[in-house]
Amino acid sequence: MMSRVRWRVSLLFVLITLSIFFSLVANSDRFVEVRGNETYNQTGAGGSSENRIISLINRLETGNQEAKLNAAAELGKLGGPAANNLVDKIESNNSSSKKMSSYMLLALLETGDDRAENILSENFERIEASNRAANESAAEEWKQGISEDTLQAIEAKDTAIRKYIANSIAMDSARAENRGEAGAFEKVLNSETQNSSTYVPLAISDFGPEEPGSETEKLLKALKSNKGSTRVAAVMALGEMREEAAVDPIIGILTRDYPPAQASAAIALGKIGDERAVEVLRKEMKDNDNEYVKSGSAIALARIGDEDSVPHLINRLRDPRIKVRSSAALALGKIGNETAVKPLIEILETGKSSEGKKNSSMNANADVRKSAVLALGEIGSTDATESLIGILTDKEEELEVRTAAASALGNIEDPRAVEALKKVFDDNNMDTHIRNTAFLALSKTGDQETARTLVGKLGDQEFGDVAREALIDMGEMAVDPLIENLKTEDHKLKAETALILIEIGDKRAIQPLILAYQ
């Protein structure tokens, strides 16, 4: 009996073993089949080298910097076929007036293709023409020679005024139960990008299609509308258009309308830049009861650049409104007359905190102090150097005021300013933002020693991005040190150097770039 049981158990064990074996064999065949399909699909997904090239070129336009550099290097390895695709893409972009990707030009260099030299030359000519056109643009003439920090501070004043206008119109519309139209207007006023096309439809919306006259004529009619929002929209549109025919009627709005319309008139007159508005802007800056109208008038005088307004602006440095003091300081910096240096330094001296105690005067306000600091930097007088160094190194000052001081010192041609900026940059215990600003400010000093220092920081994890931006801003002054850096054995660093030279677009770099990638 026991032997029979053992025999049955043994037989069952054999059957189970055979079942497992055949199951494994069957699954193995299926596994090979599945893996084969996967291998086939993967090969298919890789497709041809043409698909890979297209994918890499797309990455040149959409990836982050690391991905773009890697894509350029990979395209370089693919040689002629990649070069053909890149040339087609570059020529397509050129014919459609699209901005050329620097990474595409770098990738073409990486391929070593003979066509790279001519293509670089053509694109550098475009960059040169574009820079020349920007410098000759009459509409943007007031921006020439202003530091980016001061420009942003001035434009921030415009933004604040537009926000005030938007809020005022919103309250008026809420009372009139007409929020829909006001909501659209608010959005336009608060938009970062300002242009006439967004204001025109709002300004002429009350006119029917049969209304005679050109767009400008309709806008001039809209200045007489009974609706405040319509008048404001027309003023803003005409200001963006720099329409000189609108100066007199807009002056009328500045002197007689309600505050939101007056504020819009101040902005518009500044953008048009006609000297006929100077006298009335001075008067409104002094006598108007609304701080936004006064502030806007000061900024308008800055845009017009009227030297004779300097004494009037200096008087506004004692205005009882913080916004007006700050705007007057920025306006003095934009105009750049040295008679403003002493009054601006006085703001900094009288507003200082002492022994941890906050000064209670209006000159202690961070916005006023920052504006005074930036203004001194724009004027560029060495008489301000010591005061600005004091602000930069004073730990009781607000961070935004100290960083403004670093930026301002970069505009002053004074060895003391350069030395102070270098000392701050070398201080590892200093706030990183201040060190970054000091590093950028050094690039404004305009000498090749500074450019070489910046080039030496390109591979630095902390300051590499700042160095790249600064070198592009330096332009032709940075070209020679960058060309020297093309000899580096570090492929990534060479690629970053080439990119900066491509961004600058100086023709001296063409041959060195070709030689570096042969």
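Owing to the predicted nature of the structure, the values given are computational and were not obtained by experimental measurement.

(A) Geometry of the overall build of the protein chain. Per the secondary structure count, the protein chain includes 28 helices and zero strands. Going through the 518 residues of the protein chain one by one, you find that 49% of them count as buried. In the protein chain, of all internal contacts separated by at least 6 residues, the share reaching a separation of at least 24 is 65%. In the form shown here, the protein chain has an accessible surface area of approximately 26,200 Å², with 49% of it arising from carbon and sulfur atoms.

(B) Highlighting the pattern of salt bridges. Applying the stated criterion to the full structure yields 31 salt bridges. Residues R508 and D506 are paired through a salt bridge, measuring 3.1 Å at the closest nitrogen-oxygen approach. By relative accessible area, R508 is classed as partly exposed at 40%. Connected via shared salt-bridge partners are R52, E74 and K77.

(C) Looking closely at the packing of aromatic side chains. One pass over the structure, following the stated rule, counts five aromatic pairs. Between the aromatic rings of F185 and Y199, the centroid separation amounts to 6.3 Å while the plane-to-plane angle is 80°, which identifies the pairing as edge-to-face. Residue F185 is located in helix α8 (residues 179-189), and its partner Y199 is located in helix α9 (residues 196-203); the two are separated by 14 residues in the primary sequence. A residue is classified by how much of its surface remains accessible, and F185, at 3% relative accessible area, is buried. Centroid distance F425 to F439: 4.6 Å. Interplanar angle 10°. Geometry classified as stacked. Here F425, found in helix α22 (residues 415-426), pairs with F439, found in helix α23 (residues 432-443); they are 14 residues apart in sequence, far enough to count as distant.

(D) The arrangement of the confidence of the model for the protein chain in detail. Mean pLDDT over the protein chain stands at 86; residues scoring 70 or higher make up 85%. Confidence drops under pLDDT 50 across residues 24-47; counting only partners more than four residues distant or on other chains, this segment forms one contact.

(E) Region of interest: the packing of helix α20 (residues 385-393) against α22. Here α20 crosses α22 at 10°, and the two axes come no closer than 10 Å. With respect to their mutual orientation, α20 and α22 come out roughly parallel. Side by side, α20 and α22 meet where T385, E386, I389 and L392 of the first sit next to R416, A417, A420, L421 and V424 of the second. Of the residues that constitute the contact of α20 with α22, the class distribution is six nonpolar, one polar and two charged.

(F) Representation of α22 in the model. Here α22 contains twelve residues, and its C-alpha end-to-end distance of 16 Å stays within 8% of the 16 Å for a straight helix at 1.5 Å per residue. Buried positions along α22 lie against α20, α21 (399-409) and α23.

(G) Summary view of the nonpolar core. Within the largest apolar cluster, 97 residues are counted, with the highest numbers of intra-cluster contacts made by I250, L281, L344 and V373. Apart from residues no more than four positions distant in its own chain, V373 is found in contact with L348, L388, I391, V401, A404, A405 and A408. In terms of nonpolar packing, the next biggest core, distinct from the first, is built from 55 residues, I57, L69, L108 and F439 among them.

(H) Here's a closer look at a negative patch on the surface. Together, E148, D149, D465, E469 and D473 give the surface a local cluster of negative charge. When residues of the negative patch are traced back to their parent elements, those giving at least two are α7 (148-175) and α25 (464-474). The greatest single-element share of the negative patch, amounting to three residues, is contributed by α25. Mapped onto the elements, D465 comes out in helix α25.

(I) Seen up close, helix α2 (residues 49-62). For α2, spanning 14 residues, the distance from its first C-alpha to its last is 20 Å, which sits close to the expected 20 Å at 1.5 Å a residue. Here α2 has its buried residues at I53, L56, I57 and L60. For α2, the angular spread of buried residues about the axis comes to 100°, placing them on one side.

What counts and what doesn't
Residues numbered from 1 in each chain as written. Predicted model: local features only at pLDDT ≥ 70, side-chain atom pairs only at ≥ 80, totals over all residues. Heavy atoms only, no water. Helix = DSSP H or I, 4+ residues; strand = E, 2+ residues; numbered from the N terminus. Buried < 20%, exposed > 50% of the residue type's maximum accessible area, 1.4 Å probe, protein only. Contact = heavy atoms within 4.5 Å. Areas by Shrake-Rupley, 256 points an atom, 1.4 Å probe, with all protein chains shown as cover. Salt bridge = Lys/Arg side-chain N within 4 Å of Asp/Glu carboxyl O. Phe/Tyr/Trp six-rings, centres within 6.5 Å; stacked < 30°, edge-to-face > 60°. pLDDT = per-residue confidence, 0-100. Axes fitted to C-alpha atoms, helices over the stretch in contact; angles between N-to-C directions. Parallel < 35°, antiparallel > 145°, perpendicular 65-115°, else oblique. Nonpolar A, V, L, I, M, F, W, Y, C, P; charged D, E, K, R; others polar. Expected span 1.5 Å × (residues − 1). Core = buried A, V, L, I, M, F, W, Y, C linked by side-chain atoms within 4.5 Å. Patch = residues over 30% accessible without salt bridge, like charges linked within 9 Å, V, L, I, M, F, W, Y side chains within 5 Å. Lys, Arg positive; Asp, Glu negative; His and termini not counted. Charge placed at Lys NZ, Arg CZ, Asp CG, Glu CD. Arc of directions from axis to C-beta.

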